[in-house]
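# Topology and contacts: notes
Letter by letter, the chains look like this.
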Amino acid sequence: MTGLPLQKALALAEELGAKYGWFGDLHWAVNEVTNATIDGIGELASRHGVKLFLIGAGGAFSKIHLTDLEIEKITEQPIFQQDFNRLIQTMQAAKRLGVDSVLVYSFAWPGEYSAGKPTWPMRWLTRGGVIANIDMDKLLKVFSLVIEEAEKYDINIVLGNLPWHYTNTTTHCRQLIENLNSKRIRVMWHPSDNLTSGELDSATAGFMNIRPFLHSLHAKDLRVIDGLNLNFEYCPIGEGDVDYITVLRNLREHRIDAVFAVATHFTLPNSDGADTMRINFENIKPLMKRVETNSDT
C-alpha cells in the first residue's frame, strides 16, 4: 500500500525483506485482463522474492450501500452484478497464480457515502452499529453465493474489517461468519479501524472474537481525536492508539499463523509511500523485540 507502480512496490518489498505481498486492486472489466498479464504479475513477484498471499477484487462490494439492494432481486441488480463478476474473475486469477485467498468487502452502512455520513454518530455510540435483521439476511444471501463460487475455484474469501462496512468490528465479523458456517470465510483484522468504529477493546476481546477466523492483519496506526465526529489522524505504527504490544503478544502466545500486512496511510512532507512504508517497517521491529523478550519497556 505504497501508491507505487507494481514493479517499484515489489522492489521496495525486496529491500525491506518482506516475504509476502498483497496484490490489492485488479480494477478490471470482463475480458480486459489476459492470462499473460496475470502470469506476468506472478513472475514479477517471484523475481523479487515475494509470495502473493492475497488478491484484492478491486474493492468489490466496498461502495455499494446494502440498503439499495432488494433481497428478492439481488442477483438481477446491475450494481451487484458488476462487483460479483469482478470477484469471480479475481478468484480465477488467484487460482491461476496459485494464491488461495481473495479479499472482499461487506457493503457500506446506510448513508456512508452521503454528505455528512448521517449514520456515523449512531455507529460510534453503539460500538460499530446494529445490523438490522433484513440487512443480515442480505449479507447471508450474498456471501452464500460468494461461497458457492469460492468452492468451485478452491479459494478462501477474506473479509475486510473497515469502519465503513458492515464487518467494521470484530463482533460483526464473528456474527456474520458464524451465521454463514463456512470454512471458506476468513478475516483480515484491522485493529486500528476497530478503534475508529468505537471498538476500544479490539486488542483483547476483539482478538478472541476473530481468533478462529484470522487470516492476516492490516497493520497501521492512528489516533482517535473525537470518535463521535469521525475525527482521527493516521500516524506511524507505535505512535498511535493501537495496542500493538498486546496484539503481537496474543499472536505469539496463541501461535497464530497470520500474515502481518504492513500499511501506511499517514503522510510526510516531500515524501512518498516508500518513505512511510520504511518507517512503519522500522517501527514494528522494536515492538516485536519487546514481545519476544517479554519486556515492558
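Our subject is the structure that appears above.
One structure accompanies this document, and this report is about it. Keep in mind that what you see is a predicted model, and the values were worked out from it rather than measured. (Residues numbered from 1 in each chain as written. Predicted model: local features only at pLDDT ≥ 70, side-chain atom pairs only at ≥ 80, totals over all residues. Heavy atoms only, no water.)

### Here's the deal with the overall build of the protein
Our working definition: The helix count covers DSSP runs of H or I at least four residues long, the strand count covers runs of E at least two residues long, and both are numbered beginning at the N terminus. When we talk radius of gyration, it's over C-alpha atoms, and the globule rule is simply 2.2 Å times the number of residues to the 0.38. To sort residues, take the accessible area from a 1.4 Å probe on protein chains only and compare it with the maximum for the residue type: under 20% means buried, over 50% means exposed, and anything in between is partly exposed. Contacts are assigned to residue pairs that have any heavy atoms within 4.5 Å of one another. Accessible surface area values rest on a Shrake-Rupley calculation with a 1.4 Å probe, where residue burial reflects the displayed protein chains alone. The convention is simple: Lys and Arg are positive, Asp and Glu are negative, and His and the chain ends are not counted. Throughout, a charge is located at the NZ atom of Lys, the CZ atom of Arg, the CG atom of Asp or the CD atom of Glu.
Scanning the protein from N- to C-terminus turns up 10 helices and 9 strands. A compact globule built from 297 residues should have a C-alpha radius of gyration of about 19 Å, and the protein, at 19 Å, falls within 12% of that. Here the C-alpha coordinates of the protein stretch approximately 55 × 50 × 40 Å along the principal axes. Burial statistics for the protein: of 297 residues in total, 53% are counted as buried. Within the protein, counting contacts between residues at least 6 apart in sequence, those at least 24 apart form 77% of the total. Accessible area of the protein: about 13,800 Å², with a carbon and sulfur share of 49%. For the protein, the distance from the average site of its 29 positive side-chain charges to the average site of its 36 negative ones is 4 Å.

### Remarks on the pairing of strand β7 (residues 221-226)
Heads up, the condition is: Strands qualify as paired when DSSP identifies two bridges or more between them.
Of the strand pairs in this sheet, β7 and strand β8 (residues 231-235) are connected by 5 bridges, and their pairing is antiparallel. The residue bridging Arg-223 from the neighbouring strand is Glu-233, located in β8. Linking two consecutive strands that pair antiparallel, namely β7 and β8, is a turn of 4 residues; a positive phi of about 55° is found at Leu-230 within it.

### Comments concerning the pairing of strand β9 (residues 259-262)
Neither face of β9 is open: one carries Val-259 and Ala-261, the other Phe-260 and Val-262, and all of them are buried. For strand β6 (residues 214-219) and β9, the ladder comprises 4 bridges, and the chain directions are parallel. Along β9, the bridge assignment pairs Leu-217 with Phe-260.

### Comments concerning helix α3 (residues 78-97)
For clarity, the cut-off: Given the number of residues in a helix, its expected span is that number minus one, multiplied by 1.5 Å.
Its 20 residues give α3 an end-to-end C-alpha distance of 29 Å, which sits within 8% of 28 Å, the value for a rise of 1.5 Å per residue. Within the span of α3, buried status applies to Phe-80, Asp-83, Phe-84, Arg-86, Leu-87, Ile-88, Gln-89, Thr-90, Met-91, Ala-93 and Ala-94. Looking at the packing, one finds that the buried side of α3 touches α2 (35-47), β2 (51-56), β3 (101-104), α5 (133-153) and β4 (156-159). Gly-98 lies just past α3 and shows a positive phi near 75°.

### Remarks on the nonpolar core
How we decide: Take the buried residues of types Ala, Val, Leu, Ile, Met, Phe, Trp, Tyr and Cys, join any two whose side-chain atoms come within 4.5 Å, and each joined set is a nonpolar core.
Core analysis: the biggest nonpolar cluster contains 74 residues, and Phe-61, Leu-87, Met-91, Phe-107, Phe-143, Val-146 and Phe-260 have the highest contact counts within it. With 8 residues, the top contributor of residues to this core is α5. Residues in contact with Val-146, not counting those within four places in the same chain, are Phe-61, Phe-84, Leu-87, Met-91 and Ile-157. By size, the runner-up hydrophobic cluster in this structure holds 12 residues, among which are Trp-120, Trp-124, Leu-162 and Trp-164.

### Some thoughts on the layout of surface pockets
Selection criterion: Whether a set of points on the 1 Å grid over the protein atoms alone is a cavity depends on a 1.4 Å probe fitting there but being unable to get out, while an open set qualifies as a pocket with protein on both sides within 12 Å along at least five of seven lines; lining residues are those with an atom within 4 Å of a point. Grid points are joined across faces, edges and corners, and a volume is the space filled by probe spheres set on the points. Under the scheme applied, nonpolar residues are Ala, Val, Leu, Ile, Met, Phe, Trp, Tyr, Cys and Pro; charged residues are Asp, Glu, Lys and Arg; polar residues are all the others, including Gly.
By volume, the second largest pocket is sized at about 210 Å³. As for the second largest pocket, its lining consists of Leu-248, Leu-251, Arg-252, Ile-256, Ala-258, Phe-260, Met-288, Val-291 and Glu-292. Of the residues assigned to the lining of the second largest pocket, the class counts are 7 nonpolar, no polar and 2 charged.

### Examining the packing of α3 against α5
Put simply, the test is: To define axes, lines are fitted to C-alpha atoms, for helices over the stretch in contact only, and angles between the resulting N-to-C directions are given on a 0 to 180 degree scale. Relative orientations are named as follows: roughly parallel for angles under 35 degrees, roughly antiparallel for angles over 145 degrees, roughly perpendicular for angles from 65 to 115 degrees, and oblique for any other angle. Each crossing is labelled by how the near helix is turned from the far one, with a counterclockwise turn of less than a right angle marking it left-handed and a clockwise turn marking it right-handed.
Packing of α3 against α5 leaves a shortest axis separation of 10 Å and a crossing angle of 25°. Between α3 and α5, the interaxial angle falls into the category roughly parallel. Every pair of crossing elements has a handedness; the one defined by α3 and α5 is right-handed. Residues Phe-80, Phe-84, Leu-87, Ile-88, Met-91, Gln-92 and Lys-95 of α3 form the contact with α5, whose own contacting residues are Val-142, Leu-145, Val-146, Glu-149, Ala-150 and Tyr-153. When its residues are assigned to classes, the contact of α3 with α5 shows 10 nonpolar, 1 polar and 2 charged.

### Quick word on the environment of His-215
As a reminder of what qualifies: Whenever a nitrogen or oxygen atom comes within 3.5 Å of another N or O atom, the pair is scored as a polar contact, on the condition that within protein one atom can donate a hydrogen and the other can accept it, and that pairs from neighbouring residues in sequence are kept only if both atoms are in side chains.
Considering the arrangement of structural elements, one finds His-215 in strand β6. In this structure His-215 comes out as buried when scored by relative accessible area, which is 11%. Separated by 85 residues in sequence, His-215 and Val-130 have C-alpha atoms that sit 25 Å apart. With near-sequence residues (within four places) excluded, His-215 lies in contact with Phe-53, Leu-54, Ser-101, Val-158, Arg-186, Val-187, Asp-257, Ala-258 and Val-259. Separated by 2.8 Å, the side chains of His-215 and Ser-216 make a polar contact.

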